[in-house]
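One-letter residues, chain by chain:
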Amino acid sequence: MRTLLRRSAFVLAAVLAVLLVPGVGATVSALATFRALNAPGPQRAVPATPPLPHDPAKPTAVVVVGNAGAVVSDTLAPYEILAATGRFNVYTVAPDRAPKPLTGGLDLVPDLSFADLTARLGGAAPDLVVVPAMPDTGEATNEPVTTWLRGQAARGTQLLSVCNGAGVLASAGLLDGRPATAHWLKLETYASDYPAVQWQRGKRYVDDGNVVTTAGILSGIDGTLHLVERMAGAGVAADAAKAIGWRHYGTPVPVTTPAAMPDAVAIVNAGFRWNPAEIGVLVPDGVGEIELASVFDTQGQSLSSRTLAVSADGGAVRSRHGLTFLPRAKLADADLDRLLVPGATRGVPTPPGGPAPEYVHDRPGFAYDVAVSGLARDTDVATARWTAKTLELPTGDVVFDGPAWPWWPTAVPVGLVLLGVAGVVLMVRRRRRMN
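Residues numbered from 1 in each chain as written. Predicted model: local features only at pLDDT ≥ 70, side-chain atom pairs only at ≥ 80, totals over all residues. Heavy atoms only, no water.

Draft legend 1. Layout of unusual backbone geometry. For C163, which is not glycine, the phi torsion reads 55° and is therefore positive. Tracing the backbone through its elements, the reader meets C163 in the loop between β7 (158-161) and α5 (165-171). We classify C163 as buried; its relative accessible area is 4%. Non-glycine residue L303 carries a positive phi angle of around 60°. (Helix = DSSP H or I, 4+ residues; strand = E, 2+ residues; numbered from the N terminus. Buried < 20%, exposed > 50% of the residue type's maximum accessible area, 1.4 Å probe, protein only.)

Draft legend 2. Region of interest: the sheet that holds strand β18 (residues 357-359). The strand order across the open sheet formed by five strands is β16-β13-β12-β17-β18, and the pairing between neighbours is parallel. With one partner strand each, in any of the chains shown, β16 (329-330) and β18 form the two edges of the open sheet. Relative to β16, strand β13 (residues 305-311) is paired through two bridges, and the arrangement is parallel. Within the sheet, the bridge partner assigned to V310 lies in β16 and is A329. Docked against the sheet, helix α10 (residues 289-302) engages β12 (277-282), β13 and β17 (338-341), running at close to 160° with respect to β13. (Pairing = 2+ DSSP bridges. Contact = heavy atoms within 4.5 Å. Axes fitted to C-alpha atoms, helices over the stretch in contact; angles between N-to-C directions.)

Draft legend 3. Layout of α10. With 14 residues, α10 extends 20 Å from end C-alpha to end C-alpha; this agrees with the ideal 20 Å at 1.5 Å per step. For α10, the buried fraction is high: 14 of the 14 residues fall into the buried class. Downstream of α10 by a residue or two, L303 has a phi angle that is positive, lying close to 60°. (Expected span 1.5 Å × (residues − 1).)

Draft legend 4. Summary view of the nonpolar core. If you look at the biggest cluster of nonpolar residues, it comprises 94 residues, and the most contacted ones within it are L106, L149 and W199. Ranked by the residues each element gives to this core, the list is headed by helix α2 (residues 72-85), at seven residues. Not counting the four nearest positions on each side in its chain, W199 is found in contact with A166, A170, L175, A180, T181, A182, L187, Y190, A191 and Y194. In this structure, L331, L336, V341 and V348 belong to the second largest nonpolar core, which totals ten residues. (Core = buried A, V, L, I, M, F, W, Y, C linked by side-chain atoms within 4.5 Å.)

Draft legend 5. Highlighting the confidence of the model for the protein. Across the protein, the average pLDDT comes to 93, with 92% of residues at or above 70. Taken element by element, the protein is modelled with least confidence in helix α1 (residues 2-38), mean pLDDT 68, and with most confidence in strand β6 (residues 128-131), mean pLDDT 99. (pLDDT = per-residue confidence, 0-100.)

Draft legend 6. Molecular detail of the pattern of salt bridges. As enumerated under the stated definition, the model contains 17 salt bridges in all. R320 is the salt-bridge partner of E80, the closest N and O atoms lying 3.5 Å from each other. Pair noted here: E80 is in helix α2 and R320 is in the loop between β14 (317-318) and β15 (324-326), with a separation of 240 residues, a long-range link. Given the relative accessible area of 5%, E80 is considered buried. The exposure class assigned to R320 is partly exposed, which follows from its relative accessible area of 43%. A salt bridge links R363 to D362; its shortest N-O distance comes to 3.0 Å. Three or more residues are tied together by salt bridges with common partners; here these are R44, D107 and R328. (Salt bridge = Lys/Arg side-chain N within 4 Å of Asp/Glu carboxyl O.)

Structure (structure tokens):
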């Protein structure tokens, strides 16, 4: 009996030893991957507030960003839709005007602080507040945002949460007793964390009057267009959808079933790409906000690379509808594996000793369709399909053409396990010889 127990203990220890290295490596890698998505940029001087036209006859819509930043698509897609209509005063706001990191390493300088907005509106509340997902939801660092949101809600402001922006509203107590939805990966967690909320599944957005919540990331487009339709008319919403290339306005779009775990390919990418590619994203003046977000979020949600915002001179950049971004590096100084250029910009010179520019939006179509199709071609189809699923991107118009699976990252844990097994076998044989 003792011999059996000793052998069993030895086998168990051997199995744990075999799994230890890939397990620890995957944990460290995954944590680094997710930290990189929300990492703040270096300290830089804040540009002066640019001219911000304001028409008192128009409703005011604001997209709020926390001190720890926000998800890039949740922030920029609603902003561009609202700005493209021409029917709103549209601003980004935050507790202060310091640069805020958007996922993937794009730093946004908010148009206005909360105090600036109050002064601009003469003490009135904005008509619409868009709330993106924020990395510090439920934490003390997010209290300036939740406190401000409670104040706006008390004054009758229309609220729109995008994706896990619903968690921000829930943490502020603004969804208690109300139906709401969020990203499919978070719904079950939120159901446990915020049981007073009536969490809904299987819907792109949930309209509960003065609070509209949307499902994952690009469901925010549907929710934003829904409110544009309510506030400015169906024709304005249809024109805005056309302007950004969104062909799904007014048609049912499938919603991903909630799940507790990501797909296997996401686990492989996050855990076993121990030397991910460093991808520079050139931020040119006049770039469309959705074009820009489509590159950062497609690469970021894939968990297959790291992105770095760069510009030709390292200076501040203004987007198509007037947002201010601070790139994190000058193009010539960045050590990059690839260089992606969003939007219509062409003729970018290859930096000395650096990679040639790749023009992401080199064909017609919705910006995310083209970006995800490029991801399939340059990475693999399984990663691209996972990314589309995470983005809640309808895939009927997406071309998935490329390698089937991330074979090299998959080979890492398999190789480590095989080496571990070989080591255990050698140990067993040596032990037998000694006995």
